[in-house]
Amino acid sequence: REKIRYKTKIAVIGAGQAGLSAAYHLRKMGLSTGADFIVLDEAPSAGGAWQYRWPSLTLSTVNRIHDLPGMSFEDTLTTESQTVQASIAVPHYFDLYEKRFDIKVYRPLKVDHVYLHNDRFHLDSSQTLFSALGIINATGTWENPFIPTYLGADLFQGEQLHTKDFKTADYFRGKHVIVVGAGISAIQLLDQISKVTTTTWVTRKIPVFREGPFDDVAGHNAVAMVEERVRNGLPPLSVVSVTGLPLSPEVIAMKERGVLERLPMFSEITKDGIKWEDGKEEKADIILWNTGFRGALHHLDSVLPREESGGIVMAGRLATMVAKEPRIHLSGYGPSASTIGANRAGSVAVKELMKTLGLKER
Ligand code: FAD
């Protein structure tokens, strides 16, 4: 069957924080939805990846969700904010946001593959073929969970899950669970799971806990470090992963319960568990990998110039511009992979891309 074809100037792929921020700024520049720009999103409804977060992730257990431009998140909260599930509150906010700023999102529409033809990017999906002069890619990381390779992984007869698969701690009841990872998600899931079953916590590096709230200077340094990496064409590290672990009351309670006895990373996975370099073994029913995410960029494989390291050389004011293909911006990637970063990146990506394409503000 012939695909529906549609021509536009700028295609925004993804309608999370980064995509909506870009759409807001495109509108502010006087561009109109349809002829000038389109927003495409794979998810069934508003909310970006927040709609998939586990139910126990509430507004008091997330780091902080930054506002989108022009509309306060807090004003959209209808009930006691501390207990509101992030997977409900943020999608509600994004939905109202799309309506308020008249941002039309084509969904569910997964861009499978992007290719260049006659100097236009063609965005191929199951039923449509959009073409655009430039792209603001804002596809986040949720669709690309990362699990490191370990010897014997395919022999394991238990279950291997990733943070992305977590729904409730109850699922793990009665199983022995190896929780891998030293990030915030690892700690939060270890806390919940260790209350209903036995756990072993393993991490590659010794986790660093910090007392007191996370200050702006540390945040700025973490972002600067990731930005320097991507400007040099290295794969980014997660911004959230370099901010350290808060020594919250929950973490102190975990220490007291003895569940934070961290073991070093195992070297091998066996049929029924894990094995360390010194030959010590432990049986396990589930290995839960909280080992992060990578940019969900597979659909751009044929148009993104990659370095040998696997990274992409980024340029522009906030490092959202692909240096060797400035008609593509990656917003929410590397240094802008946080709600505040994605928010700021939207504005810069729009201005820089419009300049590259010779489009004027109206
Ligand atoms: P997303 O919200 O992931 O949106 C991307 C969108 O693109 C999705 O809707 C997806 O469906 C769509 N998409 C993907 N691929 C395609 C495709 N091929 N075609 C079409 N559409 C596609 N950051 C903070 O600042 N504070 C926090 O407290 C915080 N907590 C977090 C907790 C967890 C558990 C995780 C995983 C992350 C957290 N982050 C936090 C990071 C933060 O969520 C993201 O950096 C931020 O929301 C960026 O949004 P985004 O728009 O880049 O991506």
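Preceding this paragraph is the structure being described.
Described in the following lines is the structure provided in the data block. Residue positions are given per chain, counting from 1 as you read along its sequence in written order. Thresholds applied to this predicted model are a pLDDT of at least 70 for local features of residues and 80 or more for the giving and counting of side-chain atom pairs; totals over whole chains, interfaces and linings are not thresholded and use all residues.

Let us look at the overall build of the protein. Going along the chain from the N terminus, every DSSP run of H or I of four or more residues is numbered as a helix, and every run of E of two or more is numbered as a strand. Counting its secondary structure elements, the protein contains six helices and 21 strands. Our radius of gyration looks at C-alpha atoms and nothing else; its globule reference is 2.2 Å times the residue count to the power 0.38. Taken against the 2.2 N^0.38 rule, which gives 21 Å for 362 residues, the C-alpha radius of gyration of the protein at 21 Å falls within 12% of a compact globule. Dimensions of the protein along its principal axes, counting C-alpha atoms only, are 65 × 45 × 45 Å. Going through the 362 residues of the protein one by one, you find that 38% of them count as buried. Here exposure depends only on C-beta density: within 10 Å of a residue's C-beta, 20 or more other C-beta atoms make it buried, 12 or fewer make it exposed, and intermediate numbers make it partly exposed, the C-beta atoms being placed from the backbone.

The residue Pro-335 is located in the loop between β21 (328–330) and α6 (339–357) in this model. Separated by 110 residues in the primary sequence, Pro-335 and Met-225 place their C-alpha atoms 8.2 Å from one another.

We define a nonpolar core as a collection of buried residues of the types Ala, Val, Leu, Ile, Met, Phe, Trp, Tyr and Cys that are connected via C-beta atoms lying within 7 Å of each other. Among the nonpolar cores identified, the biggest contains 63 residues, and Ala-11, Val-12 and Ala-22 are the most heavily contacted of them. Looking at this core element by element, the count peaks at seven residues for α6. Once residues lying within four places of it in the same chain are set aside, the contact partners of Ala-22 are Val-12, Ile-136, Ala-138, Ser-331, Gly-346, Ala-349 and Val-350. Counting 21 residues, the second largest nonpolar core, distinct from the first, contains Val-180, Ala-182, Ile-269 and Ala-284. Contact criterion: two residues are in contact if their C-beta atoms, reconstructed from the backbone, are within 7 Å.

To summarise the sheet geometry, strands pair through backbone hydrogen bonds and adopt either a parallel or an antiparallel arrangement. The sheet built from five strands is open, its strands ordered β9-β18-β10-β11-β14 with parallel pairing. Each of the sheet's edge strands pairs with one partner strand only, and the pair in question is β9 (159–162) and β14 (262–264). Along the sheet, successive strands turn relative to each other by an average axial angle of 30°, direction set aside. Bridge count for strand β10 (residues 177–180) against strand β18 (residues 286–289) is four bridges, and the pairing is parallel. Opposite Val-180, over in β18, you have Trp-289 as the bridge partner. By definition, two strands form a pair when at least two bridges between them are found by DSSP. Axis definition: a line fitted to C-alpha atoms, limited for helices to the stretch in contact. Angles are taken between N-to-C directions and run from 0 to 180 degrees.

This part takes up unusual backbone geometry. Leaving glycine aside, a negative phi is the common case for residues, and trans is the common case for peptide bonds. A cis amide bond links Arg-107 to the next residue, Pro-108, at an omega of -10°. Tracing the sequence through the fold places Pro-108 in the loop between β4 (105–106) and β5 (113–117). One non-glycine residue with positive phi stands out, namely Asp-119, at about 65°. Structurally, Asp-119 is set in the loop between β5 and β6 (120–124).

Turning our eyes to something else, we now look at the sheet that holds β5. Strands sit in the order β1-β7-β6-β5 across an open sheet of four strands; the sheet is mixed. Either end of the sheet is taken by a strand with one partner, and the two such strands are β1 (4–7) and β5. Within this sheet the neighbouring strands show an average axis-to-axis angle of 20°, counted without direction. Inspection of the sheet shows β6 paired to strand β7 (residues 128–132) by four bridges, in the antiparallel sense. Following the sheet pairing, Asp-124 is matched in β7 by Leu-129.

On to the pairing of β18, then. Where a strand is regular, its side chains alternate between the two sheet faces. Where β9 and β18 come together, four bridges link them in parallel fashion. Bridging from a neighbouring strand, His-162 pairs with Trp-289 of β18.

With that out of the way, let us pick up the site of the ligand. Nearness between a residue and a molecule or strand is assessed with a C-beta atom placed from the backbone; a distance within 6 Å qualifies. Taken together, 36 residues sit near the ligand, with Gly-14, Gly-16, Gly-48, Gly-140 and Gly-332 positioned nearest. Of all the secondary structure elements, the ones that give two or more residues to the shell around the ligand are α1 (17–28) and α6. Just so you know the grouping, Ala, Val, Leu, Ile, Met, Phe, Trp, Tyr, Cys and Pro go in nonpolar, Asp, Glu, Lys and Arg go in charged, and all remaining residues, Gly too, go in polar. Grouping the amino acids of the shell around the ligand by side-chain chemistry returns 16 nonpolar, 14 polar and six charged.

At a minimum axis separation of 7 Å, α1 and α6 run at an interaxial angle of 35°. Both α1 and α6 take part in a crossing whose hand is right-handed. Contacts between α1 and α6 involve Gln-17, Ala-18, Ser-21, Ala-22, Tyr-24, His-25 and Leu-26 from the first element and Thr-339, Ala-342, Asn-343, Ala-345, Gly-346, Ser-347, Ala-349 and Val-350 from the second. Its residues assigned to classes, the contact of α1 with α6 shows eight nonpolar, seven polar and no charged. The crossing is said to be left-handed when, going from far helix to near helix, the turn is anticlockwise and less than a right angle, and right-handed when the turn is clockwise.

One less than the number of residues in a helix, times 1.5 Å, gives the span that helix is expected to have. Taking 1.5 Å per residue, 16 residues should reach 22 Å; helix α4 (residues 216–231) reaches 22 Å between its end C-alpha atoms and fits that length. The complete set of buried residues in α4 reads Ala-222, Val-223, Val-226 and Val-230. Buried residues in α4, looked at end-on, bunch into an arc of 90°, giving them a common side. Turned more than 90 degrees away from the buried face of α4 sit Val-217, His-220 and Ala-224, all of them exposed. Note that the arc is defined by the directions from the helix axis to the C-beta atoms.

So, to be careful, I would describe these as geometric facts and stop short of saying anything about function.
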